Every structure is written in structure tokens, then in C-alpha cells.
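Understanding the architecture of this molecule
Here is what each chain is made of, one letter per residue.
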Amino acid sequence: MEARNLRVSDAEREHVGELLQKAVGQGMLSLGEFTERMDTALAAKTRGELNSVLTDLPGITLISDYDPPAYPNAGQPMYQGQPYPAPTYKPQPHQPPPVHSSPPYRAPVGAPVVGAYGAANAAVIRGRMATVTRNGAWIVPPAVVVDTRMSSVTIDFTRAVMQTQVVNISIDDYASSISLIVPEEATVDMNGVEAVGGSASNKVRSGPQMGPLHLVVHGKVRFGSVTAKHPFGITIRKMFGS
């Protein structure tokens, strides 16, 4: 089977999405072209279909036409007219197996330090072309890190259990929709959010911390959106003045 007909994974689709985002940042694609090509990339099933959105972009190396060298003779494998070198094995002295440990979490590039608590106590919310929801009576630490790509994210604080009054939220996002739902008495500070080809909207009170919850949101949103708002019922009551 030719390589262009091989099926693609979500990781490959995500990688192509990042290449398209870089192309927009370099002025090679308009936002309309980016949206159209992203739709094609997300629906692609084979490498040929996925690579079709990159063929006219300079500096992109495609792998769909790559085929490994064939073995012309099963009895004597050849490569460029010469036999393949025989595999060599050199015994190594016995060594104890290495001890693997998880690397420490690193905050997104450009994100400020999360208060005095640092990232060690942060709740990390990740999504890759996924729907991610945090709601109900979930425990909220002093810091929340949102690391998402092309996802739909809802973080509901209305029934959450707070450990501190102030919660720092650090965002590193590409092309996602992020909703922060807060109770009526909460306040939100979104002055630290940088939106690149996207939007950051605060539909709740933004003054100094007064109620039981104050969110401080910072980070970068690229071609996506982040919105702080009240639950639907509270919004309706405010519309009718009740």
C-alpha cells in the first residue's frame, strides 16, 4: 500500500493544524483559508487527504510519497546495488534498569508564575480536538492550567469546592472555545489574556475581589475564544430585572 493511502491519527491532524496556524501567522493564509483547510484536515482519513492542505505552502516536507527501500532478493537483501551490512551485536555489561520518573510540569511558554503556589498545585486541563468539561462539586486548587488545541472546554465554578478565594487560570490555547462559568457573586480579571486572531470576553463583574470567588485569567489564545459568564438562568433573570 502506498504511504499516501495510509490512515492518519489525531496526532497527525493536530500537527497539520499547527502548521496551518503558523502559515496564518506568517501571512501565507487568510483566516478564511485557514478555516477551510482546518475543516479539511479534521475530516481527512488518509495522508494524501491530509497533505492536500499543505502542498502549496513553502518549507513543508510531505511524507506521503515516501516508500522504504525494497529488498530485491529475499535471499540477499540489496541496497543501492550493495548488500545490506550484516547486523552487529556487541554485548554490554549488565547494568541495573533505569529508574523512570515523570518530568515536572512546565507552565505554558509566556505564562506568568501562578501566584505563590506555583504550578505544582495546579489542576491541569488538557484537550486535543476534544470536548472537556469540569462541573459539579469538583475541588478547585489555587491554580488551573488550561492547555488545549482545537477543543471545546467548559469550566463551571458554580458548584465547585474552592480551596482559596482567588484562583489563577493560565491558558495556552490554539483554536479552541473556552467557557468559564462563575456564580453570580464572583468577579473575573481577564486583563492578562492575549488574543491572537481570537477573542477574550468578560460578561461578569470585573472589579476587585469582593465575593467568594475571584478569577485571574492570563495566557494566550490563538484563533480561539475565552469567555467568562454566568449560568444561563442568572443571565435570563438579569435580562428581566429579577
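To be clear, the structure that these remarks concern was listed above.
Thresholds, definitions, all that
- Residues numbered from 1 in each chain as written.
- Predicted model: local features only at pLDDT ≥ 70, side-chain atom pairs only at ≥ 80, totals over all residues.
- Heavy atoms only, no water.
- Helix = DSSP H or I, 4+ residues; strand = E, 2+ residues; numbered from the N terminus.
- Buried < 20%, exposed > 50% of the residue type's maximum accessible area, 1.4 Å probe, protein only.
- Axes fitted to C-alpha atoms, helices over the stretch in contact; angles between N-to-C directions.
- Parallel < 35°, antiparallel > 145°, perpendicular 65-115°, else oblique.
- Contact = heavy atoms within 4.5 Å.
- Nonpolar A, V, L, I, M, F, W, Y, C, P; charged D, E, K, R; others polar.
- Pairing = 2+ DSSP bridges.
- Expected span 1.5 Å × (residues − 1).
- Arc of directions from axis to C-beta.

Attention now moves to unusual backbone geometry. At Ala175, a position not held by glycine, the phi torsion is positive, near 55°. Summarising the element assignment, Ala175 is placed in the loop between strand S9 (166-174) and strand S10 (177-181). According to the relative accessible area criterion, Ala175 is partly exposed, its value standing at 23%. Phi at Phe223 is positive, roughly 60°, even though this residue is not glycine.

Next up on the list: the packing of helix H1 (residues 10-25) against helix H2 (residues 31-43). In a packed pair of helices, the relevant descriptors are the angle between the two axes and the axis-to-axis distance. Orientation of H1 relative to H2, taken along the N-to-C sense of each, is 170°, at an axis distance of 10 Å. It follows from the interaxial angle that H1 and H2 lie roughly antiparallel. Here Arg13, Val16, Gly17, Leu20, Gln21 and Val24 of H1 lie close against H2, whose contacting residues are Leu31, Phe34, Arg37, Met38, Ala41 and Leu42. Of the residues that constitute the contact of H1 with H2, the class distribution is 8 nonpolar, 2 polar and 2 charged.

So, about the pairing of S9. Most of S9 is tucked away: 7 of the 9 residues are buried. Pairing of strand S6 (residues 143-149) with S9, which is carried by 7 bridges, proceeds in the parallel orientation. What sits directly across from Asp147, in S9, is Asp172. Pairing of S9 with strand S13 (residues 214-222), which is carried by 9 bridges, proceeds in the parallel orientation. Each bridged residue has a counterpart across the sheet, and for Asp173 the counterpart in S13 is Val221.

Here the focus is the sheet that holds S10. Strand order in the open sheet formed by 5 strands is S4-S7-S10-S14-S12, and the pairing between neighbours is parallel. Two strands lie at the open edges of the sheet, namely strand S4 (131-134) and strand S12 (199-202), each paired on one side alone. Within the sheet, the average angular offset between the axes of one strand and its neighbour, ignoring direction, is 5°.

End to end, H2 covers 18 Å across 13 residues, agreeing with the expected 18 Å (1.5 Å per residue, within 8%). Buried within H2 are the following residues: Phe34, Arg37, Met38 and Ala41. Projection of H2 onto a plane perpendicular to its axis shows the buried side chains occupying an angular sector of 110°, all on one side. Contacts made by the buried residues of H2 are with H1 and helix H3 (47-51).

Let us now look at the pairing of strand S14 (residues 225-229). The element S14 is extensively covered by neighbouring structure, given that 4 of its 5 residues are classed as buried. Of the pairings in the sheet, the one linking S10 to S14 comprises 5 bridges and is parallel in character. Bridged to Ser179 within S14 is Thr227. Both S12 and S14 contribute to a ladder of 4 bridges, which runs parallel. Note on S14: the bridge partner recorded for Ser199 is Ser225.

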